[in-house]
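The residues making up each chain are set out below.
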Amino acid sequence: MSRVLSYEEKDTWIHRLSGVTKLIFFLLWSVTSMISYDTRVLLVMLVLSLVIFAMSKTKWQQVGTVFKFIMLFLCINLIAIFFFSPGQGTKIYGTETPLWHLFGHYTLTEEQLFYEFNVMLKYLTVIPAVFMFIVTTNPSEFAASMNKVGIHYNVGYSMAIALRYIPDVQDDFSKIKHAQEARGIEMSKKAPFVSRIKSMASIIFPLVFSSMDRIDVVSNAMELRGFGKHKKRTWYSARPFKRNDYLTLAFVILFVIAAFIITFRDGSRFYNPFV
Amino acid sequence: MKSKFGIKEVVAIGIGTALFVALTEVQIPLGFIPNTALQPRMALMGFLAAVFGPIVGGIVGLLGHALGDALFYGSVWWSWVFPEAVVGIVIGLFAAKFAIKDGGFATKEIVLFNIVQIVANAVAWIVVAPLLDIVIYAEPANKVFAQGAWAFLGNIIIIGILGTLIAIGYSKIGGKSSSLSKED
Amino acid sequence: MEPIIEFKNFSFKYRSQKEPTIKDINLAIYPGEKVLIVGPSGSGKSTLAHCINGLVPFSYKGEITGSYSIAGQNPEKLGIFGLSKLVGTVLQDTDGQFIGLTVAEDIAFALENDMIPQPEMFERVARVAETVEVQSVLGNAPGALSGGQKQRVSMAGVMIDRVEILLFDEPLANLDPATGKRAIELIDQIHREEKTTVVIIEHRLEDALTCGADRIIVVGEGKIVADMTPDELLSKEILQREGIREPLYVTALKYAGCRIAADSLPSDIRKMKESGSLEKYKGQVGEWFRQTTVPERKQNDEVVLEVKNLDFAYTSGKPVLRDVSFRIHKGEMLSIVGKNGAGKSTLSNLICGFLMPNSGSISLHGEDILNRSIKERGESIGLVMQNPNQMISKTMIFEEVALGLQVRGVAPEEIEKRVHETLKICGLYPFRNWPISALSYGQKKRVTIASILVMNPDIIILDEPTAGQDYRHYTEIMEFLKEINKNSGITIVMITHDMHLMLEYTDRALVIAEGQLLADEKPSEVLTDDVLTQKAYLKRTSLYDLAVGCGIGQPSDFVDCFIYYERENGRKKEVES
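Residues numbered from 1 in each chain as written. Chains lettered and ligands numbered in written order. Predicted model: local features only at pLDDT ≥ 70, side-chain atom pairs only at ≥ 80, totals over all residues.

Overview of the overall build of chain B
Applied cut-off: The secondary structure listing takes helices from DSSP runs of H or I that are at least 4 residues long and strands from runs of E that are at least 2 residues long, numbered from the N terminus. The burial criterion counts other C-beta atoms lying within 10 Å of a residue's C-beta, which is placed from the backbone; the residue is buried at 20 or more, exposed at 12 or fewer, and partly exposed between these limits.
Across its full length, chain B carries seven helices and two strands. Its helices and strands taken in sequence order, chain B reads α-β-β-α-α-α-α-α-α from the N to the C terminus. Every one of the 184 residues in chain B was classed for burial, and the buried ones make up 58%.

Looking at the overall build of chain C
Selection rule: Based on C-alpha atoms, the radius of gyration is set beside the globule rule, defined as 2.2 Å times the residue count to the power 0.38. By definition, residues are in contact whenever their C-beta atoms, placed on the basis of the backbone, come within 7 Å of each other.
A tally of regular secondary structure across chain C gives 25 helices and 19 strands. Relative to a compact globule of 577 residues, whose C-alpha radius of gyration would be 25 Å, chain C shows 25 Å and is just as compact. Considering chain C as a whole, with its 577 residues, one finds that 51% of them fall into the buried category. Across chain C, contacts joining residues at least 24 apart in sequence account for 69% of those joining residues at least 6 apart.

A word on the packing of helix H2 (residues 40-52) of chain B against helix H4 (residues 78-93) of chain B
All names here are of chain B. The criterion, for reference: As a rule, the C-alpha atoms of each element are fitted with a line to give its axis, helices using only the stretch in contact, and angles between N-to-C directions run from 0 to 180 degrees. The hand of a helix crossing depends on one turn: near helix anticlockwise from the far one by less than a right angle means left-handed, and clockwise means right-handed. Residue classes follow a fixed rule: Ala, Val, Leu, Ile, Met, Phe, Trp, Tyr, Cys and Pro count as nonpolar, while Asp, Glu, Lys and Arg count as charged, and any other residue, Gly among them, counts as polar.
Their axes nearest at 7 Å, the elements H2 and H4 cross at an angle of 40°. The two elements H2 and H4 cross, and the hand of that crossing is right-handed. Residues Met-45, Gly-46, Ala-49 and Ala-50 of H2 lie in contact with H4, whose contacting residues are Val-87, Gly-88, Ile-91 and Gly-92. Counted by class, the contact of H2 with H4 contains five nonpolar, three polar and no charged residues.

Here we look at the sheet that holds strand S16 (residues 459-463) of chain C
Residues and elements named next belong to chain C. This is how the line gets drawn: If DSSP finds at least two bridges between two strands, the strands pair.
The six strands are arranged S15-S16-S17-S12-S18-S19 in an open sheet whose pairing can be described as mixed. Taken across any chain shown, the strands that pair with only one partner, and hence form the sheet edges, are strand S15 (381-384) and strand S19 (516-521). Between one strand axis and the next, the sheet turns through 20° on average, direction left out of account. Bridge analysis of strand S18 (residues 508-513) against S19 gives five bridges, and the strand direction is antiparallel. Bridge pairing links Leu-510 to Asp-520 in S19.

A look at the environment of Phe-251 of chain A
Counting through the fold element by element, Phe-251 of chain A comes out in helix H10 (residues 243-264). Here the alpha-carbon distance between Phe-251 of chain A and Arg-40 of chain A, two residues 211 residues apart in the chain, equals 18 Å.

Observations regarding the interface of chain C and chain A
Facing the 49 residues of chain C at the interface are 46 residues of chain A. At seven residues, helix H5 (residues 103-113) of chain C tops the list of elements feeding residues into the side of chain C that touches chain A. Among the residues making up the side of chain C that touches chain A, the classes are represented as 24 nonpolar, 17 polar and eight charged.

Concerning the nonpolar core
Note the cut-off: Definition of nonpolar core: a set of buried Ala, Val, Leu, Ile, Met, Phe, Trp, Tyr and Cys residues joined via C-beta atoms within 7 Å.
Core analysis: the largest hydrophobic core is formed by 297 residues, its most contacted members being Ala-162 of chain A, Leu-48 and Ala-50 of chain B together with Ile-107, Ala-156 and Leu-543 of chain C. Broken down by element, this core gets its largest block of residues, 14 residues, from helix H9 (residues 193-224) of chain A. In contact with Leu-543 of chain C, other than residues within four places in its own chain, are Leu-248, Tyr-249, Ala-252, Phe-558, Val-559 and Phe-562 of chain C.

Focus on the sheet that holds strand S4 (residues 62-70) of chain C
Residue and element names in this part refer to chain C. The three strands lie next to each other as S2-S1-S4, forming an open sheet whose pairing is antiparallel. What marks the edges here is a single partner per strand, and that holds for strand S2 (22-29) and S4. Adjacent strand axes in the sheet meet at a mean angle of 20° when their direction is disregarded. Alignment of strand S1 (residues 5-14) against S2, held across five bridges, turns out to be antiparallel. Bridge pairing in S2 links Phe-12 to Ile-22. Those strands touched by helix H1 (residues 45-53) are S1, S2 and S4, and its axis lies near 115° from that of S1.

Things to note about helix H7 (residues 147-159) of chain C
Short version of the rule: A helix is expected to span 1.5 Å multiplied by its residue count minus one.
Over its 13 residues, H7 of chain C runs 19 Å from end to end, which matches the ideal 18 Å to within 8%, given 1.5 Å per residue. Taken across its 13 residues, H7 of chain C has 13 buried, putting it largely inside the fold.

Digging into the domain arrangement of chain C
Residue and element names in this part refer to chain C. Filter applied, for reference: Bear in mind that the domain bounds are from an automatic or database domain assignment.
Taken domain by domain, chain C holds domain 1 (5-245), domain 2 (247-291 + 541-577) and domain 3 (303-540). Contact residues are listed per partner, giving nine residues for domain 1 and 11 residues for domain 2. By residue number, the principal contributor to the side of domain 1 that touches domain 2 is helix H10 (residues 230-234), which donates four residues.

Considering the confidence of the model for chain B
Rules: Values of pLDDT, the confidence the predictor places in each residue, fall between 0 and 100.
The predicted model of chain B has a mean per-residue pLDDT of 88, with 89% of residues at 70 or higher. The least confident element of chain B, judged by mean pLDDT, is strand S1 (residues 28-29) of chain B at 68; the most confident is H2 of chain B at 96.

Describing the interface of chain A and chain B
Between chain A and chain B, the residue contacts involve 56 residues of the former and 46 residues of the latter. Secondary-structure elements contributing two or more residues to the side of chain A that touches chain B are helix H2 (19-35), helix H4 (60-84), helix H5 (88-93), helix H6 (110-136), helix H8 (153-182) and H9 of chain A. Tallied by class, residues from the side of chain A that touches chain B come to 42 nonpolar, 10 polar and four charged.

Things to note about the environment of Pro-142 of chain C
All names here are of chain C. For Pro-142, the location among the structural elements is in the loop between helix H6 (118-131) and H7. Residues Pro-142 and Thr-528, 386 residues apart in the sequence, show an inter-C-alpha distance of 34 Å. The contact partners of Pro-142, leaving out residues within four places of it in the chain, are Asp-95, Phe-98 and Lys-150.

As for unusual backbone geometry
Cis rather than trans, the peptide bond between Val-56 of chain C and Pro-57 of chain C has omega equal to 5°. Inspection of the secondary structure puts Pro-57 of chain C in helix H2 (residues 55-58). In this structure, Ala-138 of chain B takes a positive phi of about 50° despite not being glycine. Secondary-structure assignment places Ala-138 of chain B in the loop between helix H6 (107-137) and helix H7 (141-174). Phi at Ala-71 of chain C takes a positive value of approximately 50°, unusual for a residue other than glycine.

Regarding the pairing of strand S6 (residues 165-169) of chain C
If a strand is regular, its side chains alternate between the two faces of the sheet. Residue and element names in this part refer to chain C. What counts here: A crossover counts as right-handed when, viewed with the strands pointing away from the observer, the path leading from the first strand over the helix to the second turns clockwise.
Within S6, five of the five residues are buried, leaving the element largely enclosed by the surrounding structure. Of the two faces of S6, both are covered, the one formed by Ile-165, Leu-167 and Asp-169 as well as the one formed by Leu-166 and Phe-168. Bridging between strand S5 (residues 87-90) and S6 involves four bridges; their strand directions are parallel. Bridge assignment links Val-90 to a residue of S6, and that residue is Phe-168. Note that S6 and strand S7 (residues 197-201) share five bridges and pair parallel. Counted as the bridge partner of Ile-165 is Thr-197 from S7. Read from S6 through helix H8 (residues 177-194) to S7, the crossover connection turns out right-handed.

Considerations on H1 of chain C
Residues and elements named next belong to chain C. Judged by how many residues are buried, H1 sits mostly within the fold: nine of nine residues are covered. Buried residues of H1: Lys-45, Ser-46, Thr-47, Leu-48, Ala-49, His-50, Cys-51, Ile-52 and Asn-53, and no others. At the exit of H1 stands Gly-54, carrying a positive phi of roughly 100°.

Examining the packing of H4 of chain A against H6 of chain A
All names here are of chain A. This is how it is decided: Just so you know how the angles are binned, under 35 degrees is roughly parallel, over 145 roughly antiparallel, 65 to 115 roughly perpendicular, and the rest oblique.
Between H4 and H6, the least distance of the axes is 11 Å, while the angle of their chain directions is 155°. Judged by the inter-axis angle, H4 sits roughly antiparallel to H6. Between H4 and H6 lies a crossing whose hand is right-handed. Where H4 approaches H6, its residues Gln-62, Val-63, Ile-70, Leu-74, Leu-78, Ile-81 and Phe-82 are matched on the opposing element by Gln-112, Glu-116, Val-119, Met-120, Tyr-123, Ile-127, Phe-131 and Val-135. Of the residues in the contact of H4 with H6, the class split is 12 nonpolar, two polar and one charged.

Considering the environment of Arg-214 of chain A
Within the secondary structure, Arg-214 of chain A sits in helix H9. Here Arg-214 of chain A falls in the buried class, since 21 other C-beta atoms lie within 10 Å of it. Other than its neighbours up to four places away in sequence, Arg-214 of chain A contacts Ile-15 of chain B together with Gly-96 of chain C.

Here it is, written out as structure tokens:
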């Protein structure tokens, strides 16, 4: 099972969409799920996310490890919210319906449960969107897409360079780490705090400094091939817009508008079943 | 404040982001509160900001954090992405004063670097991050401030120790060495 | 005809330096020529290349005096972008030049910057990809390419602009011998077919001359020392004086006492054979071979490291190493050779414990070490990485060398004693309180070797110890290794694709190809064996051709004779001077 999310080539209509469409979809989807606390909207979003996810033919192996990690994180976060503020639900929804007294001032209320359920939904609706974006978008398209949504190509190309050199840098990291381990520097968890930072420094120093040299080489190479000559540039791997792109964009924009209307119709971003 | 943005800066952002993402998984866990661990990548970002300025620092923070989150954790916590950029920008604003590339990163600059990074982290993690958490996720205030304070502590420690060390080391590399003589 | 590159009384001084790096040169290169520029590191040859492609003065600032022109135009007016339309540069660091996420994108990079519409890009990329034979890997990421493929992508990336001048900066530095030969042949083919002017900067003269050159320009201390045809140059003593290695067969002829004339075509051993010009040297060479007796080398029988039936695969079904077995004896100097990616580094990773084998055993002094940790193995087996910058983590020399002892909790007085001893052995003692940044690349390499040596390991493994070094630094490093091998009896294993290194400095070569140990033999045997060199992406040594051409029946003995003679006579002189 892969530890990191990565693009996998497949032939579904989602894969065939332009990276721009998917980037806009991903951003709008994230914004909506961040802002809305309307349970109905979030539930619809979750169901839609799952449907789209299924249509992309993404396999569990591609995302399983990462998904388990998020679930763990989500659980810890939900428990932490309860321990820090068992009355947050009551504060938001204005009523108090105790379910179960635990200890001290910790009482589990229906409102708290419902509030935390919404927090969970908010996380869950975003996860498939991120998975989709990463797993179905060819990294080569990232930069072109960012450029197309109005970000300067300098920043877009920075992104391309980052994606290009992540594997190289990871490789350097493990090579350097091994060589330093052979010299006797250990990354053991048992080591005292200060020596752990020192060990880390002995890996990060050579990594950072040799990367600084690389910055010079790469920028020379780019300059020699005319990067930055004009105000704009074209992209070899940009995907032209097709009918499905327009349909998808139209759908997501309409959906977002509808979601906002439903959410804010009663003047609050929270859907309140308690009053 | 001269903000140059040429090819070197583009590449610095690219390679810097690659380093930042590659270091995402390299963590020294601090405690039980989620999302908090000593992150060597913060030291890297602080160093890059101090060398290349606010634009590089800010964008490496933004892209690096968003991409690292997405690739490794399958989610993007925007409320923690933006503060990262804030740290990069604030430290970067003083890049010229640190004179790291010219080999001038001495005691005075080290003190300034650490004052700036502590202020930058305070703004980012004690003000911006909790506020965004409250606005976006309506999370309880005491929880997000505790989380923020924890992140603040972790980050000022790692930037203070590791970030300072990297800057000193790099400054020595760039520094002049005219007064050297062989010894017997 | 108007020259396409012309320098007139041209000097250049970097802003940060006191002395000019290029001093008052006059040089003309004509359209369609193929010119080789050679010179030791620091001679100014790279600066000269930067002047041609525009990195000087646009990226590296400085002061120009005199005049120069590229394709009849003033480079200072053209700017770096204008120049990039005329001059295509293929850098030495193919990983640094490979900017795109995939092959196709990288080739298209210059077109993207020129705002060429997508359909035209597709067409032009496809065409140029075919010229350099990378059409089948257009969608691959750089990580999935071999070193040779990456270099061809770099070539395609600059040829796509239909440049008039192709400039190659040490194209052979990172390639195995066979791939390097292919690269030179491809450059030659492009030169002939596209009529492009080709300028190659390289210090591996013999390999660069595989397909000939119109002229060789020798640069020394910022000046042009020689500008003549290869044949003429090889008949003179200029190369030796400037610290550039001549082709081996030329050196051998000189050892045999032959006076080489330019009209005997010394730039190509095959031509010497075909034209019959070799005939007149035959007698002298044969005589020299008969007179030189190579003493039998005695070998220590004590086994330090034994590898038995080693198997390794990252994913099952795709073996990287298969059934590899060998022994390394105490005090040996041994090379591991083979194509890039054949499994050489995997083997050293297994020995050091960075990877665990699927089956087989590794033992040190007869004891199994597979269950020992990386750190424990590091006490007896030291690894020196190729790039010293990836190993050095301290700013001061003393601290860097002391690091391994410090983390092992050795007492400070003991540390100081051992570090000082080691620094003396490595010739670094006078610099002990210097920052590492003040050292040259070769000296940094010594620091990394010292930092391993200080731990008294039984074996040192060096990954490409001389990569990117010119002849003088190469000799310096290798003589130094030979010295410590002789004086402290330490066993030295070198992973390399430098055939000179394996021939001259190692007693035995392990040849690895396709994950298998193909041969475990004397280097002189390996490099005179056609089948073996082909399988392992090596190149048969030119000494073989010389021996055969002179009617000597035992080419490998002839090679041994040459190496012995050089160790006894040639090398000493060079080190002394």
